[in-house]
Amino acid sequence: MAIGVLLALMGTACLIQLANVQLINGKSMAQAAAQSRTITVTLKASRGKIMDTNGSILAQSVERYTIIGNPEGAQAFTPITCTKQTGDICHQINGKPVGATGAAAVARLLAPVLDMDATELGAMLSGTGQYAVLKKDVTPAVKRKISKLNLDGIVYAELSNERIYSNGTLMGALLGGVDSEGKGVAGIEQMENKTLTGEDGYQVYQQGNNGVEIPGTMTESKDAVNGSDITLTIDHDVQWYVEKVLRESCEKYSSPWGIAVVQDTQTGDILALADSDEIEAGSDQAKMTVSRAVRETFEPGSIGKVFTMSGMIQLGLHQASDKFTVPDHITVNGQTYSDATTHGDERWTLAGILEQSSNVGMIIAGEKMSNEQRYDFIRKFGVGQDNGLGLPGESDGLLYSADQWDLRTQNTVLFGQAYTTNALQLTNAVAVIANKGVKKPQRIIKTISDAEGHSEEQKPGGEATRVIDEQVASQVMNAMESVSDHYQFVKVDGYRVAAKSGTAEVAGADGRLSSIISDYSAIIPADNPRFVVTVVLKDPQSVFGGLTAGPVTAEIGEFLMQKYEVPASSPRTDAIPVTW
């Protein structure tokens, strides 16, 4: 009777509990069970592509997976012996039994596929919890191999992306890179991070014990929206050739580095922005380094005479044909200035002063030009100003206002010293002459295309402004063509070129004026301008820009004429006399 009473009480208790579970708290307990199985899975958005002007891919995100292990599941794992009955759900290694259980067995199966050490994997799967990252950036092919190991619920893959740069060191520091979270941290990746970054989606569903979605349990989802694609104005072929020529030239002239810019005069588009540094795009070095072509500033040297001469003619102080007698040195306000070479009193026109690159001649011709006017014209050509491209790490250079100039600076600015610029500014300043006196804004982003394929042309950052009159630009262009003719060894066969060389002393590692910047900027063809090419070399042998940077510029110009099939120039017939 006692046993019967006890069993009756136990039965009654069970009935009460059953009623509690099924009738009173059934709904809440079912909800709790469902909640424990419910997970939110992030759907990763792909980062947009970066392409060159012709659609060649420079950077893209490719499908990759992060392999996740369940340590608790791994430690409870027992391999299934392969027999006729077990078929494809068994576990073996090279046709032999696994030879272990638990985390060690999972590690032995997984190690050859992930190309990892089994001992290392075993240690990762021997911890606590149900989530351990085993390996990142695994290819889809490897993920498929893992799916065939019959380790459902113990090892699975989460979709991710890996940023791939298909051209190695091409535009390395300029493209920059992304961090471990896929955020742009340098170069164009940083500049256009907001545009390139997509919006992740998600799915909410219940997961079974094997880690697989239970059909029909998805309650909420949002599709991922991929980032927009960016097309640059950079031409891959031009960039590659310019980088190649720069490296060869640095070796030829024993120069530690070089920079080059190629700009389309008609559009302001940058076709090449190159330096001689070899940095892998996306590498740690690329993420920590600003492209030298963007960050490096220098005195333009005698290329600055182009701005000064333009100002003199625009102000009505001179014409390019005006005649001057020019010695090789001059003293003004107690300051002595000299030309690069010793000569007697020469009879040069203003065009001849530019052709001969005479510092003394510029001082004589600029006698009636006030300091404020000197400053204004250098400034109008874009020196010392943001060019609107927005490239990270770009320096604007330095141009002090006229009221800060000392007795020497007020004259050295006439021939491109005592202020600094960068290669992009210098190229666009020379392009003013090519564009008949109009300064056009530069552009490096051509189009942006969203995930749905809608493409939008990107306008340059700024408006075109007139700097000098068309007839003034024509005179300066004429004189620059005489400069190019002066350098008989710097030619592009079949094409007229207008150019100016520059050589400037700059501070070296010792803090003294012990280093040299040699530069050369050319408009080609001079009779129908299509491109401006600027080359800058640091400390080259032979020193002078016309002897070093000049031939490099011509080599790039020849490539451009062939690639774009530019018609040959007509003969020159209107040269302004350079002597009298």
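Above this text is the structure in question.
Definitions and limits used
- Residues numbered from 1 in each chain as written.
- Predicted model: local features only at pLDDT ≥ 70, side-chain atom pairs only at ≥ 80, totals over all residues.
- Heavy atoms only, no water.
- Helix = DSSP H or I, 4+ residues; strand = E, 2+ residues; numbered from the N terminus.
- Rg over C-alpha atoms; globule rule 2.2 N^0.38 Å.
- Buried < 20%, exposed > 50% of the residue type's maximum accessible area, 1.4 Å probe, protein only.
- Contact = heavy atoms within 4.5 Å.
- Areas by Shrake-Rupley, 256 points an atom, 1.4 Å probe, with all protein chains shown as cover.
- Disulfide = S-S within 2.5 Å.
- Expected span 1.5 Å × (residues − 1).
- Polar contact = N/O pair within 3.5 Å; in protein donor to acceptor, adjacent residues only side chain to side chain.
- Phe/Tyr/Trp six-rings, centres within 6.5 Å; stacked < 30°, edge-to-face > 60°.

Undergrad: In this structure, what is going on with the overall build of the chain? I would like to understand it.
TA: Along the backbone of the chain there are 20 helices and 25 strands. Computed over C-alpha atoms, the radius of gyration of the chain comes to 35 Å, more than 25% over the 25 Å expected from 2.2 N^0.38 for 580 residues, which places it beyond the range of a compact globule. A principal-axis box enclosing the C-alpha atoms of the chain has dimensions of 140 × 50 × 50 Å. Within the chain, the proportion of its 580 residues that are buried is 49%. By sequence separation, contacts in the chain at least 24 residues apart represent 71% of the contacts at least 6 residues apart. When the accessible area of the chain is evaluated, it comes to approximately 27200 Å², of which 49% is carbon and sulfur surface.

Undergrad: What is the right way to look at the environment of Gly55 in this model?
TA: Its location among the elements puts Gly55 in the loop between strand 2 (50-51) and strand 3 (57-69). For Gly55, a relative accessible area of 36% gives the class partly exposed. Taking the C-alpha atoms as reference, Gly55 lies 9.3 Å from His236; in sequence the two are 181 residues apart.

Undergrad: Before we go on, may I ask you to explain the state of the cysteines in this structure?
TA: In a disulfide, the sulfur atoms of two cysteines are held together by a covalent bond. Counted under the stated rule, the structure contains one disulfide. The disulfide partner of Cys82 is Cys90, and the gap between their sulfur atoms is 1.9 Å. On the sign convention where negative means left-handed, the S-S torsion of about 90° between Cys82 and Cys90 marks this disulfide as right-handed.

Undergrad: Got a minute to help me understand helix 10 (residues 236-252) in this structure?
TA: Two residues of an α-helix separated by three or four positions point the same way, owing to the 3.6 residues in each turn. Here helix 10 contains 17 residues, and its C-alpha end-to-end distance of 24 Å stays within 8% of the 24 Å for a straight helix at 1.5 Å per residue. For helix 10, the secondary structure elements touched by its buried residues are strand 3, strand 11 (258-264), strand 12 (270-275), strand 25 (531-538) and helix 20 (549-563). Regarding helix 10, its N-cap is Asp235, as a side-chain oxygen of that residue lies 2.9 Å from the backbone nitrogen of Asp237 further along. Among the residues trailing helix 10, Ser254 stands out with phi positive, at a value near 55°.

Undergrad: Would you mind going over the packing of aromatic side chains with me for this structure?
TA: All chains considered together, the criterion is met by six aromatic pairs. Measuring from centroid to centroid gives 5.3 Å for Phe531 and Tyr564, while their planes differ by 40°, and the two rings are tilted. With Phe531 in strand 25 and Tyr564 in the segment after helix 20, the pair connects residues that are 33 residues apart, well separated along the chain. Taking relative accessible area as the criterion, Tyr564 reaches 26% and is therefore assigned partly exposed. Ring pairs connect the aromatic residues Tyr487, Phe489 and Tyr520, which therefore count as one cluster.

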